[in-house]
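Per-entry structural report
Residues per chain, in single letters:
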Amino acid sequence: QVQLVESGGGLVQAGGSLRLSCATSGITFSTNIMGWYRQAPGKQRELVARITGGGVPNYADSVKGRFTISRDNAKNTVYLQMNSLKPEDTAVYYCAAGRSWIEILRGNYDYWGQGTQVTVSS
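Only a predicted model underlies this, so the values are computations on that prediction, with no experimental measurement involved.

In this section: the overall build of the protein chain. Helices and strands together make up the secondary structure of the protein chain, namely one helix and 11 strands. Reading the secondary structure of the protein chain in the N-to-C direction produces β-β-β-β-β-β-β-β-β-α-β-β. Expected size for 122 residues packed as a compact globule is a radius of gyration near 14 Å; at 13 Å, the protein chain falls within 12% of this value. Referenced to the eigenvectors of the C-alpha coordinate spread, the extents of the protein chain come out at roughly 40 × 25 × 25 Å. Residues counted as buried form 43% of the 122 residues belonging to the protein chain. If you take every contact in the protein chain between residues at least 6 apart in sequence, the share linking residues at least 24 apart comes to 57%. Accessible surface for the protein chain amounts to roughly 6,200 Å². Of this, 46% is attributable to carbon and sulfur atoms. Measuring between centres, the 12 positive side-chain charges of the protein chain sit 3 Å from its 8 negative side-chain charges.

In structure tokens, the structure reads:
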């Protein structure tokens, strides 16, 4: 049974930081590309960052220089360090796992977590 479980969300003031974690089980973690996505109310889900099995990251322009994605293949966990948070970062954040670059570039991952709420107050 595959599980992706996000944690670390919460309420923070603008300028603050949060660290999200996504613990996985049931997948060969090191061979999966891991992604963080977010969805704000009334908006489409959007890519925040993704990272290859070898640790090469890719970021959305809106979070470059503020967010850092990382992974620990020994712990089967991917992280998202979020600094200098802004009210517009408020969303439900989801982690996702996939192995096909063709599908991932379309936003189609094999597995998704249930999401964790991040709220940034002004």
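On the basis of which strands lie adjacent, the open sheet formed by four strands has the order β1-β3-β8-β7 and antiparallel pairing. Where the open sheet ends on each side, the last strands, each with one partner, are β1 (3-7) and β7 (67-72). With strand direction ignored, the average angle separating the axes of adjacent strands in the sheet is 15 degrees. Across six bridges, the pairing between strand β3 (residues 18-25) and strand β8 (residues 77-82) is antiparallel. Paired with A23 across the bridge in β8 is T77.

The alternating pattern of β1 places L4 and E6 on a buried face and Q3, V5 and S7 on a face that is not buried. When β1 meets β3, the two strands line up antiparallel, connected through five bridges. Paired with V5 across the bridge in β3 is A23.

With that settled, consider the state of the cysteines. Taken as a whole and assessed by the stated rule, the structure comprises one disulfide. The disulfide partner of C22 is C95, and the S-S distance across this bridge is 1.9 Å. Within this pair, whereas C22 is found in strand β3, its partner C95 is found in strand β9 (residues 91-98), the two being separated by 73 residues in sequence. Overall, the relative accessible area of 0% leaves C22 in the buried class. With relative accessibility at 0%, the residue C95 sits in the buried group.

One pass over the full model with this rule turns up five salt bridges. One salt bridge connects R38 with E46, and the closest N-O pair in it is separated by 2.6 Å. Relative accessible area serves as the criterion here: at 5%, R38 is assigned to the buried category. For the salt bridge of D61 with K64, the shortest nitrogen-to-oxygen distance reads 3.2 Å. One continuous salt-bridge network, built from bridges that share partners, spans R38, E46, R66 and D89.

Conventions adopted
- Residues numbered from 1 in each chain as written.
- Predicted model: local features only at pLDDT ≥ 70, side-chain atom pairs only at ≥ 80, totals over all residues.
- Heavy atoms only, no water.
- Helix = DSSP H or I, 4+ residues; strand = E, 2+ residues; numbered from the N terminus.
- Rg over C-alpha atoms; globule rule 2.2 N^0.38 Å.
- Buried < 20%, exposed > 50% of the residue type's maximum accessible area, 1.4 Å probe, protein only.
- Contact = heavy atoms within 4.5 Å.
- Areas by Shrake-Rupley, 256 points an atom, 1.4 Å probe, with all protein chains shown as cover.
- Lys, Arg positive; Asp, Glu negative; His and termini not counted.
- Charge placed at Lys NZ, Arg CZ, Asp CG, Glu CD.
- Pairing = 2+ DSSP bridges.
- Axes fitted to C-alpha atoms, helices over the stretch in contact; angles between N-to-C directions.
- Disulfide = S-S within 2.5 Å.
- Salt bridge = Lys/Arg side-chain N within 4 Å of Asp/Glu carboxyl O.

Geometry only, nothing functional implied.
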